[in-house]
Amino acid sequence: MNGHFSEALLMAIQDTLERGEQVLLFQNRRGFAPQQECQSCGHVPHCKHCDVSLTYHKSTHRLRCHYCGYAEKTSTNCKACNNHDVKLKGFGTEKIEDELQGFFPEQVIRRMDLDTTRKKDSYENILNAFEDQEIDILVGTQMISKGLDFSHVGLVGVLSADQMLNFPDFRAFERAFQMLCQVSGRAGRKKSESQVIIQSFEPNHEILKLVKGHNYKDLLKGQLVERQAFRYPPYFRLIHILVRHRNRRVAEQASSFLATAMRTVFEQRVLGPEYPAFERLKGYYQKQILLKVERDLSYSDSKQKLSRFVNGLLSHDNFKGVKVRVDVDPF
Ligand SMILES: [Zn+2]
Ligand SMILES: [Zn+2]
C-alpha cells in the first residue's frame, strides 16, 4: 500500500487519466483522520457532550464531533499526559484528497462531502464542474453515490469496503451491498470499458462476491435466513426504546425499571437495557431496550401495553426529566 492506495488502484487511476477520463473515489467518512491518539498513554480526545471520539479536520486544524458539532483546537500535546507523540489514526475524505494530490500533483482534485458543500450552491458547482470535465478526480462520501450520471467516468474506486461491512448493525451487509452497487453504478454509464475497484482487507468476503456478481437474489436469500434465525425484521417487529437522562444513574435506573415492567408481559422478548454504541450523546446518557415481537402477535395490543409501561415510567416521581423515544422497525 502507498498510503491508503493499493498499487492496483494507483495504476488504474494513472491509466484512466491518461485516456482522458475521470476518476471517482468513494470514502464514506469525512474529515482527515477519525482519531488522534497519544502514543504514550493511548488517550483519544472525546467530545465534551457525547461519548464519541473527535475527528481531526486538517483544513481548519480542529477536532470536531460529527454528532453535535462541538469543535476544539487541536493541540500537539496530549491533554492527558502532555506527551507530544500524538498520532492520527484511520482516514477520511480529506486525508484521501491530500494523499492524492501528492501522487498526482498536476491533476485537478476536488472533494465532495458535508464540509465542502455547506455553502449555498457549492454542491451544484462541484457537480457541474465535474460534468464539464474541469475536475479530473472527485473524492466523496455517499453524496456521490446516488442518481448522478457521469458519462466520462472511466474508473470508480472504493477506498475501504471494510468500514461498511464491519458496521455494528443487523442491516450492515444489506447497506454495504446497496452502497457498493450504487457507487459502482457511477462508472461510465455510456461506456463499456469502465472499471470499478473496491479495496478491502477481506477480498473474499461473501458480500463482496455478491457485489461483484450483482447478485441481489442470493443476498436476499442469505439475509432472510439470518434475519429469521436472529429474530429480526421482516419476520419480527423490532421496537427500539431509548431511555435518556442527563444523569447516568437516573438513566440506568429508569431503563431497568422499564425493562422489568415490560418483562412481566413480553417475557424473553425484551433485550437489555444495554448501552448503545454511544453511551452519551448531546449531554444525555442513554440506554436502549429492544423488544422483538412475532409478526403474528397482535400489534396494537403490544403497542398499548408498551405505552402503558412508558407512561408509568414518565409519571414516576423518581424519574423526572427522563426522556423516552420509541422507534418501531427503525430504518
Ligand atoms: Zn497521553
Ligand atoms: Zn458531541
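Conventions we followed
- Residues numbered from 1 in each chain as written.
- Chains lettered and ligands numbered in written order.
- Predicted model: local features only at pLDDT ≥ 70, side-chain atom pairs only at ≥ 80, totals over all residues.
- Axes fitted to C-alpha atoms, helices over the stretch in contact; angles between N-to-C directions.
- Helix = DSSP H or I, 4+ residues; strand = E, 2+ residues; numbered from the N terminus.
- Parallel < 35°, antiparallel > 145°, perpendicular 65-115°, else oblique.
- Left-handed = near helix turned anticlockwise from the far one by under 90°.
- Contact = placed C-beta atoms within 7 Å.
- Pairing = 2+ DSSP bridges.
- Buried ≥ 20, exposed ≤ 12 C-beta atoms within 10 Å, placed from the backbone.
- Domains from an automatic or database assignment.

Further remarks concern the packing of helix H8 (residues 248-266) against helix H9 (residues 299-314). The geometry of H8 relative to H9 is characterised by a closest axis approach of 10 Å and an angle of 150° between their N-to-C directions. The orientation of H8 relative to H9 falls into the category roughly antiparallel. Handedness of the crossing formed by H8 with H9: right-handed. Contacts between H8 and H9 pair Ala 254, Phe 257, Leu 258, Ala 261, Met 262 and Val 265 from the former with Lys 305, Phe 309, Val 310, Gly 312 and Leu 313 from the latter.

Before going further, it helps to spend a moment on the sheet that holds strand E3 (residues 55-57). In spatial order, the strands read E3-E4-E5; together these three strands make up an open sheet with antiparallel pairing. Bordering the open sheet on either side are E3 and strand E5 (71-73), each of which pairs with just one other strand. Direction aside, neighbouring strands of the sheet carry axes that sit 30° apart on average. Here three bridges tie strand E4 (residues 62-64) to E5, and the two strands are oriented antiparallel to one another. What sits directly across from Arg 64, in E5, is Ala 71.

A separate point is the environment of Tyr 299. Relative to the assigned elements, Tyr 299 resides in helix H9. Residue class for Tyr 299 comes out partly exposed when judged on the 14 C-beta atoms lying within 10 Å of it. Here the alpha-carbon distance between Tyr 299 and Thr 117, two residues 182 residues apart in the chain, equals 43 Å.

This part is about the sheet that holds strand E1 (residues 22-26). Strands sit in the order E7-E8-E1-E9-E10 across an open sheet of five strands; the sheet is parallel. Pairing within the sheet leaves two strands with one partner each, and these edge strands are strand E7 (109-112) and strand E10 (195-198). In this sheet, adjacent strand axes meet at a mean angle of 15° when their direction is disregarded. Where strand E9 (residues 153-158) and E10 come together, four bridges link them in parallel fashion. If you follow Leu 155 over to E10, its bridge partner there is Gln 195. In this fold helix H5 (residues 172-184) packs onto E1, E9 and E10, with an angle of close to 155° to the strand it touches most, E9.

Right, let's talk about the domain arrangement of the chain for a bit. Structurally, the chain comprises domain 1 (1-29 + 97-230), domain 2 (33-90) and domain 3 (236-328). Computed over C-alpha atoms, the centres of domain 1 and domain 3 are 38 Å apart.

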